[in-house]
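Summary of structural features
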Amino acid sequence: MLTRQDNSISRKLTWMNMLVSGAVLLLACTAFIAYDMLTFRATMVRNLSTEAQIIGSNSVSALLFNDPQSAENTLSALKAARNIMSAGIYSTDGRLFASYSRDLGDQIPEAPALPSDQIEIHRFKNKEVVLVRSIVFEGKLTGTVCIRSDVKELDSSLKRYLGIAGIVLSVCLVAALLVSSIFRKAVAEPIIHLAGVARAVTREKNYSVRAARTHDSGELAILIDAFNEMLAQTQQNENALREARDDLEQRVKERTAELEKAKSEVEAFSFSILRAKEELERASKFKDQFLSTMSHELRTPLNAVLGFSELLTEERYGPLNERQQRYIKHIHTGGKHLLTLINDILDLSKIEAGRLQLTLENVLVPTSFAEVVDTMRSLADKKSQRLLQEVPSGLSVRADPTRFKQVLMNLIGNAIKFTPEGGEIRLSAHEREGAVRVEVRDSGPGIPVEEQKRIFEAFYRLGETDKKTEGTGLGLAITRRLVELHGGNLGLESQPGSGSCFYFTLPVADVVETHEVQTSTMEIRTPEFVRILVIEDDRAAAQLLHSHLTSAGYDVVLCDQPGRALEMAAELQPSAITMDIIMKPVNGWELLSTFKTDPRTAGIPIVLVTIVDQPARGASLGADEYIVKPVKKATLLAAVERCLNHRKRIGRTRPILVVEDDAPTREFVAELLSKRGYVVTTAADGAEARSQVAASLPELVILDLILPEVSGFQLLAEWRTNARTADLPVFVLTSKDLTAEDQDYIRTHAGLLLQKQQPWQETLITQLRRTLPGVLSEKS
Amino acid sequence: MDTLSLRSAIWRGLLAGFPHGWPPLVGVLVALALFGTTGLLAQLPKPNEYQVKATYLYNFGRFVKWPGAVPAGKGDSFSVCVLGQDPFGSILDSTLAGEALDGKPVVLRRISKSQDAGECRILFISSTEEKHLKEILTAIDESGVLTVSDMPGFTRRGGMIQFILEGDRVRFEINVTSAESARLVLSSELLKVAASVKRNGRSGD
């Protein structure tokens, strides 16, 4: 069963034995033979030498008495030695004296020259040995004998030895073979057995087999024991491993099952989450839609209410009695409050929903302050409060300009509301540690400490019980959120009895972008400005007029010295002049007649703004408009507008197209414009607007965005891509809540964006005058 | 040894000296060249007859044993004497000069009277003394003197060793009886190479 490899150790052992025995025997035989040969040769030489001596001594007389015959007789005795092939005796002069040869052909050896100090030499050559010996008689060299012998005996004995050695060698090798078979039994077979077991274990992974023990002691026994022990160990390990593996498999199965279960749960869960998310998104979309609809649907009618009630108070369509006047004022006030409330609620909703997007830019604080103060001044004036501002020129913040103004107006509105008549409201801003701190400080009663924390909560109203003050209760909550959206904080410092101070911080504007704000303000100030000279010696009244007119875009020059007024007017050549009556040292009546009689100023329209209620006298003296103080901004601006329009000589027939689907709003806007002398046509939807523009190009379009069928966006896009209408001025007037992208789009493609959430009429008129400076109504 | 056997010996020896495998032609050429030289060797002056005889005279002394009681006069030297007219000339002098026999220096003496021969070990009797041979031999009888002569019939007449010529080769005859009567022992070696050995005055051949 053993393969070639299996018995390799046995073969190796056998070979080892044979090789060792063979080598030893060979060496021994060689040594013996060599020794024997050497001995044999020495014996042979010795025999030859003896023979040479005998022959020499027996040949002395023959040599001395020159008797070769006698010498040859002596030599012939060599016949007895069969190994001697030939021999010769030489005289001292080297001549061959006598010779002998065994066979006829054998050559007689030459007499080699003997060295003087040697009596005998021999040499082996060509299977023969030649021995030369001197013949000395009585101490005298008498001749030389030379014997040549074959080495047949040597050869034959060598052959014999070799034969014996061969026999011995083969016998010994056979013996070694026998011995090695014993070794094999003793050594190789256990090892082969061990190897076989090891191979079986390796191949079959069967660790239960054991190697059989053959000896009681010795290294092999130790080896086999160790191997068996190792096998036992391995078997144990294998079993342990198998158990562990089985256990592991079981656990893996369990885990897999658990995981699959968990996975399906997670999948079910994630599916439900997905559905919830979809529902949420849908709900959120509904909410957005609702907010958008609400803002539009609520504001549109309210704007009509506000607009028409305001128009009515102007009494252009007939005088109102005091009661009517008062009722309309109630309608207007109630409407305004409602609008504020709606705006606030929508704003708060948007903020809470995280849908309020800020359009951050660098805002010049003084500009914003001026605009806000202009807006709020009338409110303060009503309560005879001083509204003061204090800001370093050039200070700017990073903010959404609309929201920044909203915050300021909210805070100032609150201050006005809670500060008693004749109080003072101070608006200030300064830079501190990389931020701009804005403060609104009033001289009101202050806020009790216990209320200071709750004051920013929605619907919380200071002094809830007394109901003296009006408001939504949302203002501060919205303000606070807006400030926080800007990355700032709204705070309050107040002590009852010593006023309150609301303050907030905003980041300072990036220096690089500051010019953008200036550019935008430059855009507002069109080069075709209209200069108005205001003659008023009361500083506060002058400031108010200045503010009203400036906010409408006019270039206002103040004159507080009536004596110099004529020169100034002649020099400046303003488009219009407003003038007080009660002035010193020259009163308004005198001044009016001077203006009208001076050819340089006779053509300049004059608006009288006075507490003296004598319009007839003003008219008789040549005044164009007569306004009784207190001055309403709208009244003032309308009067100035009329004056200016009167002054224009060139008329235009092209109308302004008002596109608005809400009939009241459409009528209100149309009335607003025609009141100021503009020719107006209207369109109730997008399709009508499209066909009107296609039929006849209007001077300008006032466009609502939300229209049935064709939206304002669509119209705007169409007009801008058409070369004929590419430069058509378009003002967008909408109550829609616009995203930042929408706003960007409109600002790029339309000349103006007006949102009905904010007061917009004045801005519209101002911008109209700037965009269409020469457009006049002929009928006006 | 004759020239032919010498030549053949040389010839064989020469052939043996050549390495195996030499072309036979070369061997022949060399052999021819050597034959020329052997011709020259043959013409070398052969040793003169008396030169050989002088050498033999000396050599006889090496193969002879004298009786133990040598006469006192013969003690210090080994006398080789020439009686009668000396045929050797100076050759014998040069041959014997410096030599020793029986452990004693060899002295050459030329004598004219047989009475003087008593002290000699070897006595060469010139052929000029043929007439007085009987008296001479009688005079030296039993005195242990080896007598040598080249006169014809010497051994027959009582002499011990007589030179003879075989062709041009010098040989000698021995009368053992004469020698024994003088108590001289001649070596068998000497007898072996003698041309003939006689006993009782008669030729042994």
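Computed from a predicted model, the values in this text were never measured in an experiment. (Residues numbered from 1 in each chain as written. Chains lettered and ligands numbered in written order. Predicted model: local features only at pLDDT ≥ 70, side-chain atom pairs only at ≥ 80, totals over all residues.)

**Regarding helix α13 (residues 588-597) of chain A**
Residues and elements named next belong to chain A. For α13, the complete set of buried residues consists of Gly588, Trp589, Leu591, Leu592 and Phe595. Looking straight down α13, one finds that the buried residues subtend no more than 165° of arc, so they occupy a single side. Away from its buried face by more than 90 degrees, α13 exposes Ser593 and Thr597. On the buried face of α13, the contacting elements are α12 (562-572), β15 (576-579), β16 (606-610) and α14 (615-621). (Buried ≥ 20, exposed ≤ 12 C-beta atoms within 10 Å, placed from the backbone. Helix = DSSP H or I, 4+ residues; strand = E, 2+ residues; numbered from the N terminus. Arc of directions from axis to C-beta. Contact = placed C-beta atoms within 7 Å.)

**Side note on the sheet that holds strand β4 (residues 128-137) of chain A**
Residues and elements named next belong to chain A. Taking strand neighbours across the sheet as the criterion, the five strands line up as β2-β1-β5-β4-β3 in an open arrangement whose pairing is antiparallel. The open sheet terminates on both sides in strands that have one partner only, identified here as β2 (96-101) and β3 (120-125). Direction aside, neighbouring strands of the sheet carry axes that sit 15° apart on average. Summarising the sheet, β4 and strand β5 (residues 140-150) pair through 10 bridges and their orientation is antiparallel. If you follow phenylalanine 137 over to β5, its bridge partner there is lysine 140. (Pairing = 2+ DSSP bridges. Axes fitted to C-alpha atoms, helices over the stretch in contact; angles between N-to-C directions.)

**Regarding the sheet that holds strand β4 (residues 104-111) of chain B**
Residues and elements named next belong to chain B. Judged by pairing direction, the sheet is mixed, and its eight strands sit side by side in the order β3-β4-β2-β5-β6-β7-β8-β10 without closing on themselves. Two strands lie at the open edges of the sheet, namely β3 (100-101) and β10 (196-198), each paired on one side alone. Across the sheet, helix α3 (residues 49-62) lies against β2 (78-83), β3, β5 (122-125), β6 (146-149), β7 (161-166) and β8 (169-175), angled at about 35° from β8, the strand it touches most.

**Concerning the nonpolar core**
By size, the foremost hydrophobic cluster in this structure holds 74 residues, and its most contacted members are Ala87 of chain A together with Phe60, Ile122, Leu123, Leu146 and Val148 of chain B. Here this core gets seven residues from one element, more than from any other, and that element is helix α1 (residues 8-64) of chain A. Setting aside chain neighbours within four positions, we find leucine 146 of chain B in contact with Phe60, Val64, Arg121, Ile122, Leu123, Met160, Ile161 and Leu184 of chain B. Judged by nonpolar contacts, the second largest core, of 39 residues, contains Leu545, Ile606, Leu608 and Ile627 of chain A. (Core = buried A, V, L, I, M, F, W, Y, C linked by C-beta atoms within 7 Å.)

**Focus on the environment of valine 82 of chain B**
Residue and element names in this part refer to chain B. Within the fold, valine 82 resides in strand β2. When the 22 C-beta atoms within 10 Å are taken as the criterion, valine 82 is described as buried. As for valine 82 and serine 149, which are separated by 67 residues in sequence, their C-alpha atoms are 9.6 Å apart. Valine 82 has contacts with Phe88, Leu92, Arg110, Phe124 and Ser126, leaving out every residue within four places of it along the chain.

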